[in-house]
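# Topology and contacts: notes
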Amino acid sequence: MHAAVREEALAAMSRTYDTQWYILGEELTLFEQAYSKFNQVAHTIGVGNGLDALTLALRALGIGPGDEVLVPSNTYIATWLAVSHVGATPVPVEPDPATSNIDPSRLAAALSPRTRAIVPVHLYGQPCRMTEIMAFAAQHSLLVVEDNAQAQGATFDGQLTGSFGHANATSFYPTKNLGALGDAGAVTTSNSDLADRIRLLRNYGSAQKNLHELPGYNSRLDELQAAFLRVKLRHLANWTRQRRQLAAWYSKHLADIADLRLPTVVAGAEPVWHLYVVHTPHREALRQHLATVGIETLVHYPIPPHLQPAYKVLGIPAGTLPLAEELAATCLSLPLWPGMTEEQVADVAIAIISFLGK
Ligand SMILES: *Cc1c(COP(=O)(O)O)cnc(C)c1O
């Protein structure tokens, strides 16, 4: 991907180098405008990374100590950490195992008088069932912060993820569908007051030099990353098309294999295939077999947040969230990148079939 944009990217970075203005400048403004247009929101606020985007969104919405926030039980730990960092408590909700996304029908059982918000995560680039989630949130006066780190460009019922919630977070970590050359992230929202508050929070609570209205943070998306991201954003639709084609090839070549469950796409969802994740009870053995024939795979994620040492303090014992634990034990992310060929997909499939049989 980076080879394909090398000349454009280096030109943008070289131009930025020469401006001698590296923080909160023209490149960031232009990228924020371009990303807002792409995501069909009124405002994008570039921040330092995805975790900060989630944290600042929750803080700007006034979530804090004493509040409970509904989160998926099987997400990347950043989703939970953002809730903890504003002083609130993450309350896990189990997924629909078919999609690995939060199951809207399980939200009601997790409600308490302290529940203030929901953070749906569009895991692996599969959009959550946002229509039901937004209706549930409205019915119970809850705020919604989408974690759109893995799903830039995905839609549910025709609407882009990252545009449903009150304020939404995304990440431009290098391996994300839109990735920087380092850390970067953004909040998206169509609420101008919220956007202003997040702009203050990311920059020491300051809109005007030497005047600090809030006890803010230092979390800014720098000019070099913004210049680079604006180049890559122009190619994102093309890369997403390729990811969709690769996923379709995987689904064709991997059909009807015993002990291998393929990803399910629910009605209304248009995923962007950040990852193509299969499930098998023989995960570790299959992973080793693929490694021996030169096929690298990854596991997203082997240990769910509630079983991490960092969350021992919540006292959620093993066995309490069986669906998250089962998915963590069986998931396997297959190779997928824009530029991969059908032949390479078929090679992966052949290696899987040679191990699991057909
Ligand atoms: C990557 C990711 C984050 C955090 O993003 P960083 O930029 O690494 O801080 C949050 N949530 C999910 C689902 C992610 O995949």
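Read on for a plain summary of the structure. (Residues numbered from 1 in each chain as written. Predicted model: local features only at pLDDT ≥ 70, side-chain atom pairs only at ≥ 80, totals over all residues. Heavy atoms only, no water.)

## What to know about the overall build of the protein chain
Threshold: In this description a helix means any DSSP run of H or I spanning at least four residues, a strand means any run of E spanning at least two, and both kinds are numbered starting from the N terminus. We compute the radius of gyration from the C-alpha atoms alone; for a globule the expected value is 2.2 Å times N to the 0.38, where N is the number of residues. For every residue, the accessible area (1.4 Å probe, protein chains only) is compared with the maximum for its type, and the residue is labelled buried under 20%, exposed over 50%, or partly exposed between those bounds. Whether two residues touch is decided by their heavy atoms; if any such pair falls within 4.5 Å, the residues are in contact. Note that accessible areas follow from Shrake-Rupley with a 1.4 Å probe, and for residues the cover is restricted to the protein chains shown.
A count of helical and extended segments in the protein chain gives eleven helices and 14 strands. Its C-alpha atoms give the protein chain a radius of gyration of 20 Å, within 12% of the compact-globule value 21 Å for 358 residues. If you line up the protein chain on its principal axes, its C-alpha atoms span 65 × 55 × 35 Å. Relative to its full complement of 358 residues, the protein chain shows a buried share of 54%. Within the protein chain, residue pairs in contact and separated by at least 24 positions form 69% of the contacts whose partners lie at least 6 positions apart. Total accessible area computed for the protein chain in this model is approximately 15,300 Å², and 54% of it derives from carbon and sulfur atoms.

## Considerations on the nonpolar core
Rules: Think of a nonpolar core as a cluster: buried Ala, Val, Leu, Ile, Met, Phe, Trp, Tyr and Cys residues, connected wherever their side-chain atoms sit within 4.5 Å.
Grouped together as the largest cluster of nonpolar side chains are 33 residues, with contacts concentrated most on Leu 58, Leu 61, Ile 63, Val 69, Val 119, Val 145 and Val 187. Looking at this core, the element that brings in the most residues is helix H3 (residues 50-60), giving six residues. If sequence neighbours within four positions are ignored, Val 119 has contacts with Leu 54, Leu 58, Val 69, Leu 70, Val 71, Pro 72, Thr 79, Val 145 and Asp 147. One finds Leu 262, Val 277, Ala 351 and Leu 356 within the second-largest nonpolar core, a separate group that totals 31 residues.

## Examining the packing of helix H2 (residues 26-39) against helix H8 (residues 223-253)
Stated formally: Think of each axis as a best-fit line through the C-alpha atoms, taken over the contacting stretch in the case of a helix, with angles from 0 to 180 degrees between the N-to-C directions. Here the word oblique covers every angle except those under 35 degrees (roughly parallel), over 145 (roughly antiparallel) and from 65 to 115 (roughly perpendicular). By definition, turning the near helix anticlockwise from the far helix through less than a right angle yields a left-handed crossing, and turning it clockwise yields a right-handed one. Residue polarity is assigned by list, with Asp, Glu, Lys and Arg as charged and Ala, Val, Leu, Ile, Met, Phe, Trp, Tyr, Cys and Pro as nonpolar; anything else, Gly included, falls into the polar class.
Where H2 contacts H8, the two axes come as close as 8 Å, and the packing angle between them is 30°. It follows from the interaxial angle that H2 and H8 lie roughly parallel. Crossing of H2 over H8 shows left-handed handedness. Counted together, Glu 26, Glu 27, Leu 28, Leu 30, Phe 31, Ala 34, Tyr 35 and Phe 38 of H2 and Glu 223, Ala 226, Ala 227, Leu 229, Arg 230, Leu 233 and Leu 236 of H8 form the full contact between these two elements. Here the contact of H2 with H8 is built from residues that sort into eleven nonpolar, no polar and four charged.

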